[in-house]
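Observations on chain architecture
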Amino acid sequence: MLLLLIAVIIGIAFGYFATQNTTPVTIHVAEYALEGVPLYLVIVGSLFLGLFIAWILYVVRSVSSRVTLYGKDHAVKSANQTVADLEHRVHELEIESAQLKTKYPPPPESPTRRVA
């Protein structure tokens with residue numbers, strides 16, 4: 001409902017703007033000339049052309065960002081796999097260390113004296 005209300009308000013504003021700027025103008029593009037084009041169409045056409053160009057630039061930037069993020073995602077996944085492999089290796093070494101400690105217990109500690 002709010003969108004409909006905003007569209008009606010913009011339509012009324014556009015209608016008012018169009019009735020105030022009906023002066024015919026001539027547009028020259030290279031060798032071609034468009035005569036009798038209402039001024040409001042030139043203004044609104046320029047606005048829409050600018051918005052279209054901005055949208056194209058936004059899409060290009062968005063695609064570029066996604067490609068960059070995809071590359072970083074791949075690097076993060078690779079790093080996570082390396083971390084998982086290293087954690088697995090640490091776990092194996094801890095098991096091996098525990099087995100060696102049970103097989104070869106450390107010698108009992110003897111009291112030591114300090115010489116001053």
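Here we summarise the structure given alongside this text. (Residues numbered from 1 in each chain as written. Predicted model: local features only at pLDDT ≥ 70, side-chain atom pairs only at ≥ 80, totals over all residues. Heavy atoms only, no water.)

1. Some thoughts on the overall build of the protein chain
Note the following rule: Elements are defined by DSSP. Helices are runs of H or I of four residues or more, strands are runs of E of two residues or more, and each kind is numbered from the N terminus. Our radius of gyration looks at C-alpha atoms and nothing else; its globule reference is 2.2 Å times the residue count to the power 0.38. Under the scheme applied here, a residue whose accessible area is under 20% of the maximum for its type counts as buried, over 50% as exposed, and between as partly exposed, the area being computed with a 1.4 Å probe on protein chains only.
When you go through the protein chain residue by residue, the secondary structure sums to 2 helices and 2 strands. Ordered by position from the N terminus, the helices and strands of the protein chain form the series α-β-β-α. Its C-alpha radius of gyration of 38 Å places the protein chain more than 25% over the 13 Å reference for a compact globule of 116 residues. Its C-alpha atoms give the protein chain principal-axis dimensions of about 110 × 40 × 40 Å. Burial analysis of the protein chain (116 residues in total) assigns 3% to the buried set.

2. With respect to the packing of aromatic side chains
How two aromatic rings sit relative to each other is set out by the distance from centre to centre and by the angle between their planes. Short version of the rule: Between 30 and 60 degrees the pair is tilted, below 30 it is stacked and above 60 it is edge-to-face, where a pair is any two Phe, Tyr or Trp rings, Trp via its six-membered ring, whose centres lie within 6.5 Å.
Counted under the stated rule, the structure contains 2 aromatic pairs. Each ring, one from Phe14 and one from Tyr40, has its centre 6.1 Å from the other, and the planes form 75°; the classification is edge-to-face. Separated by 26 residues along the polypeptide, Phe14 in helix H1 (residues 2-20) and Tyr40 in helix H2 (residues 39-103) bring together distant segments of the chain.

3. A look at the pattern of salt bridges
As a reminder, the rule being used: Whenever a carboxyl oxygen of Asp or Glu lies within 4 Å of a side-chain nitrogen of Lys or Arg, that contact is scored as a salt bridge.
Considering all chains together, one arrives at 1 salt bridge under this definition. A salt bridge links Glu92 to Arg89, with the shortest nitrogen-to-oxygen separation between them at 3.5 Å. Separated by 3 residues within a single helix, Glu92 and Arg89 lie in helix H2, roughly one turn from each other.

4. Side note on the packing of H1 against H2
Under the convention used in this document: Every axis in this analysis is a line fitted to C-alpha atoms, fitted for helices over the stretch in contact. Angles between the N-to-C directions lie between 0 and 180 degrees. Roughly parallel here means an angle under 35 degrees, roughly antiparallel means over 145, roughly perpendicular means 65 to 115, and every remaining angle is called oblique. By definition in these notes, contact holds between two residues if any of their heavy atoms fall within 4.5 Å. Charged residues are taken to be Asp, Glu, Lys and Arg, nonpolar residues to be Ala, Val, Leu, Ile, Met, Phe, Trp, Tyr, Cys and Pro, and polar residues to be all remaining types, Gly included.
Axis separation between H1 and H2 bottoms out at 8 Å; the angle between their running directions is 135°. Relative to H2, the element H1 lies oblique. Two secondary-structure elements touch here, H1 through Phe14, Phe17 and Ala18 and H2 through Tyr40, Ile43 and Val44. Its residues placed into classes, the contact of H1 with H2 shows 6 nonpolar, no polar and no charged.

5. Structural notes on a nonpolar patch on the surface
What counts is decided by this rule: Exposure above 30% relative accessible area and the absence of a salt bridge qualify a residue for a patch, where like charges join within 9 Å and nonpolar side chains (Val, Leu, Ile, Met, Phe, Trp, Tyr) within 5 Å. Surface accessibility follows the Shrake-Rupley procedure with a 1.4 Å probe radius. Residue values consider only the protein chains on display as shielding.
On the surface, Leu49, Phe52, Ile53, Trp55, Ile56, Leu57, Tyr58, Val59, Val60, Val63 and Val67 cluster together into a nonpolar patch covering about 1,100 Å² of accessible area. By the secondary structure assignment, Trp55 is in helix H2. Classification of Trp55 as exposed rests on a relative accessible area of 52%.

6. With respect to the pairing of strand S2 (residues 32-38)
Which entries qualify depends on this criterion: In this scheme, strands are said to pair when DSSP sees at least two bridges between them.
Taken together, the 5 bridges between strand S1 (residues 24-29) and S2 define a ladder with antiparallel strand orientation. Considered in S2, the bridge of Val29 is made with Tyr32.

7. A closer look at the environment of Ala75
Within the element layout of this structure, Ala75 appears in helix H2. Exposure remark for Ala75: the relative accessible area of 45% places this residue in the partly exposed category.

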